[in-house]
Amino acid sequence: MTTIEVDENEYGSWTVFRVRGEMDLVTSPRIRRRVHDAVAGGRHDVVIDLSSVRFCDSSGVGVLIAARRLLRSCGGRLRLILPEDRDGHVGRVLAALGVQRLFEVYLDVPAALSEAAAAVAVDADATGVTRADLTVTDRIVP
């Protein structure tokens, strides 16, 4: 049985989804629904933290591509968090399919939330953003 957990937090204009577990045909629709709900609620800047995802199949990749398309269509932004070791499962899947280049990829949430951050090429510490600098609205939805 596959499982997935998705926590949602708001940081200023950004909605951050922390995904844990497996993204597959059974679980991926939950992520798609959460992104659609955020957009319907007027939240157009989204970070999806995939650092705790153990498995991702083509349906999970499809959800990420669809989320990118949806957010771009409404003038929003999508940023992904992939594991620091750069060899995590999701990163390997995205690279193997040749779609990782479609996404802004960051090492951690503070780097992704920084307006000055540049995807992957910039050292996350160089942004000057720390967890203490972030304003958090604790709206966690299981």
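For the structure itself, look to the data block above.
Residues numbered from 1 in each chain as written. Predicted model: local features only at pLDDT ≥ 70, side-chain atom pairs only at ≥ 80, totals over all residues. Heavy atoms only, no water.

Colleague: Tell me what's going on with the packing of helix H1 (residues 28-40) against helix H2 (residues 58-73), and back it up with residues and numbers.
Modeller: At a minimum axis distance of 9 Å, the contact between H1 and H2 shows a crossing angle of 10°. One way to sum up the angle between H1 and H2 is to call them roughly parallel. Where H1 approaches H2, its residues Ser28, Ile31, Arg32, Val35, His36 and Val39 are matched on the opposing element by Ser59, Gly60, Val63, Ala66, Ala67, Leu70 and Leu71. Its residues placed into classes, the contact of H1 with H2 shows eight nonpolar, four polar and one charged. (Axes fitted to C-alpha atoms, helices over the stretch in contact; angles between N-to-C directions. Helix = DSSP H or I, 4+ residues; strand = E, 2+ residues; numbered from the N terminus. Parallel < 35°, antiparallel > 145°, perpendicular 65-115°, else oblique. Contact = heavy atoms within 4.5 Å. Nonpolar A, V, L, I, M, F, W, Y, C, P; charged D, E, K, R; others polar.)

Colleague: Provide a residue-level description of the sheet that holds strand E5 (residues 104-106), including the pertinent values.
Modeller: Across a sheet, strands are paired by hydrogen bonds formed along the backbone, either parallel or antiparallel in direction. The sheet built from five strands is open, its strands ordered E1-E2-E3-E4-E5 with mixed pairing. The strands lining the two open edges of the sheet, one partner per strand, are strand E1 (4-11) and E5. When strand polarity is set aside, the average angle formed by the axes of neighbouring strands in this sheet is 25°. Of the strand pairs in this sheet, strand E4 (residues 77-81) and E5 are connected by three bridges, and their pairing is parallel. Residue pairing across strands places Arg79 opposite Glu104, the latter belonging to E5. Packed onto the sheet, H1 meets E1, strand E2 (14-23) and strand E3 (45-56) and runs at close to 175° relative to E2. Strand contacts of helix H3 (residues 89-96): E3 and E4, with the helix running at about 100° to E3, the strand carrying the most contacts. (Pairing = 2+ DSSP bridges.)

Colleague: Describe the side chain of Ser28, and please don't skip the residues or the numbers.
Modeller: Inspection of the secondary structure assignment puts Ser28 in helix H1. Every residue in contact with Ser28, bar those within four places of it in the chain, is listed here: Met23, Ser59, Gly60 and Val63.

Colleague: Which residues make up H2, and what values do they have?
Modeller: The end-to-end C-alpha distance of H2, which contains 16 residues, comes to 22 Å, matching closely the 22 Å that a straight helix rising 1.5 Å per residue would cover. All of the buried residues along H2 are Ser59, Gly60, Val61, Val63, Leu64, Ala66, Ala67 and Leu71. Contacts from the buried residues of H2 go to E2, H1, E3, E4 and H3. Just downstream of H2 lies Gly75, where phi reads positive at about 75°. (Expected span 1.5 Å × (residues − 1). Buried < 20%, exposed > 50% of the residue type's maximum accessible area, 1.4 Å probe, protein only.)

Colleague: Let's hear about the pairing of E1: which residues, and what values?
Modeller: The buried fraction of E1 amounts to six of the eight residues, a majority that puts the element mostly inside the structure. Here E1 pairs with E2 via eight bridges, running antiparallel. Its bridge partner being in E2, Asp7 is matched across the sheet by Arg18. Two successive antiparallel strands, E1 and E2, enclose a turn made up of two residues, where Gly12 displays a positive phi of approximately 60°.

Colleague: Any chance you could break down the nonpolar core for me, citing the residues and the numbers?
Modeller: If you look at the biggest cluster of nonpolar residues, it comprises 28 residues, and the most contacted ones within it are Val19, Met23, Ile48, Leu50 and Leu94. Elements with a contribution of two residues or more to this core: E1, E2, H1, E3, H2, E4 and H3. (Core = buried A, V, L, I, M, F, W, Y, C linked by side-chain atoms within 4.5 Å.)

Colleague: Which residues make up the pairing of E4, and what values go with them?
Modeller: The buried fraction of E4 amounts to four of the five residues, a majority that puts the element mostly inside the structure. Relative to E4, E3 runs parallel, the two being bridged by five bridges. Residue pairing in the sheet places Val46 in a bridge with Leu78 of E4.

By themselves, these are just geometric observations and shouldn't be taken as functional.
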